[in-house]
Amino acid sequence: MAQKRAIEKQIVEGSTLIGEPLSISVLEEEYQNDGAFLRKIQDLKEKNYKTLRKTRGDGNCFFRAFLFSSFEMFLTDKTEFDKFRVIAEKSKDDLISLGFPSFTVEDFHETFMEVLDKVGAPCTKTELLDVLNNQAYSDYLVVYLRLLVSGHLQKNADFFQNFIDEGRTLKEFCNREVEPMARESDHLHITSLTAVTSIPVSVVYVDREGASFNTINFPDDSIDNKIQLLYRPGHYDILYLK
């Protein structure tokens, strides 16, 4: 346990929550001695993926990457912002109707809407990065997204229960794997968040399987998604086409 806390402290001290844009060449340097990964990174470059933003590997990386990418999109797409703002405003009542404590939901929802309206003002990209690198704000927003995922899963329990293993109920899964901070995200989290927010995402998987990287769209019938995330085992970063 002490070793785990030491590793977590090192992660916190060694990285910002959301980084500045970097050339994808930094990944070539990271994997210069790992041929399987290096080939896939080079393949990304050939497919015009040129830039990434790294996120802190604290178990919340998917949610932070989704937040920044979505809010960054809203800075230049008022139609998408307006559509999402309606969803976000209504989401408080949806969660309360599902049985989430009103005082908890209202607290996190208020902060979420405060930051969202800063984006809609609009703010600058530098200001957005500053806000989402503020631990207090960022964590509040991540918690609210986790509540949205939990609510969506429980609202559609008859379907999602089929994907829960180890004999757990969906409620137990949400209590242990979705709502707490620092719990890593998988397909269920991504499927639920893209559904409840109506924001499609493409996840580019770079791992040891297959000869090249693999891209999965959420939902699977979405195309040309504006938000692209890079997945390497246990971690999500933000990816940009040229």
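In this report, we go over the structure that sits alongside the text. Given the structure is predicted, the values throughout are model-derived calculations rather than measurements.

Some thoughts on the packing of helix α4 (residues 61-74) against helix α6 (residues 102-120)
Orientation of α4 relative to α6, taken along the N-to-C sense of each, is 40 degrees, at an axis distance of 9 Å. It follows from the interaxial angle that α4 and α6 lie oblique. Here Leu-67, Phe-71 and Phe-74 of α4 lie close against α6, whose contacting residues are Phe-112, Val-115, Leu-116 and Val-119. In terms of residue class, the contact of α4 with α6 is made up of seven nonpolar, no polar and no charged.

Here we look at the nonpolar core
By size, the foremost hydrophobic cluster in this structure holds 59 residues, and its most contacted members are Phe-71, Phe-74, Phe-112 and Leu-116. For this core, the element with the most residues is α4, which contributes ten residues. If near-sequence neighbours (up to four positions away) are discounted, Phe-71 is found in contact with Phe-84, Phe-112, Val-115, Leu-116, Val-119, Leu-128, Leu-132 and Leu-141. Residues Ile-41, Leu-52, Val-206 and Leu-239 belong to the second largest nonpolar core, which totals 13 residues.

Considerations on the sheet that holds strand β2 (residues 49-53)
Across the sheet, six strands lie side by side as β1-β2-β6-β5-β3-β4; this open sheet has mixed pairing. Of all strands in the sheet, those with a lone pairing partner are β1 (22-23) and β4 (214-218), marking the two edges. Sheet contacts for helix α11 (residues 187-197): β3 (201-205), β4 and β6 (235-241); angle to β4, the most-contacted strand, approximately 40 degrees.

Considerations on unusual backbone geometry
Along the chain, Ala-121 connects to Pro-122 via a cis peptide bond; the corresponding omega equals 0 degrees. Topologically, Pro-122 is positioned in the loop between α6 and α7 (125-132). Cis geometry marks the peptide bond from Phe-218 to Pro-219, where omega comes out at -5 degrees. For Pro-219, the position within the fold is in the loop between β4 and β5 (227-232). One non-glycine residue, Ser-198, lies in positive phi territory at about 60 degrees. Assignment of secondary structure puts Ser-198 in the loop between α11 and β3. Phi at Asp-224 is positive, roughly 50 degrees, even though this residue is not glycine. Following the sequence through the fold, Asp-224 ends up in the loop between β4 and β5. Classification of Asp-224 as exposed rests on a relative accessible area of 74%.

Definitions and limits used
Residues numbered from 1 in each chain as written. Predicted model: local features only at pLDDT ≥ 70, side-chain atom pairs only at ≥ 80, totals over all residues. Heavy atoms only, no water. Axes fitted to C-alpha atoms, helices over the stretch in contact; angles between N-to-C directions. Helix = DSSP H or I, 4+ residues; strand = E, 2+ residues; numbered from the N terminus. Parallel < 35°, antiparallel > 145°, perpendicular 65-115°, else oblique. Contact = heavy atoms within 4.5 Å. Nonpolar A, V, L, I, M, F, W, Y, C, P; charged D, E, K, R; others polar. Core = buried A, V, L, I, M, F, W, Y, C linked by side-chain atoms within 4.5 Å. Buried < 20%, exposed > 50% of the residue type's maximum accessible area, 1.4 Å probe, protein only. Pairing = 2+ DSSP bridges.

Take it as geometry only, folks, not as evidence of what the structure does.
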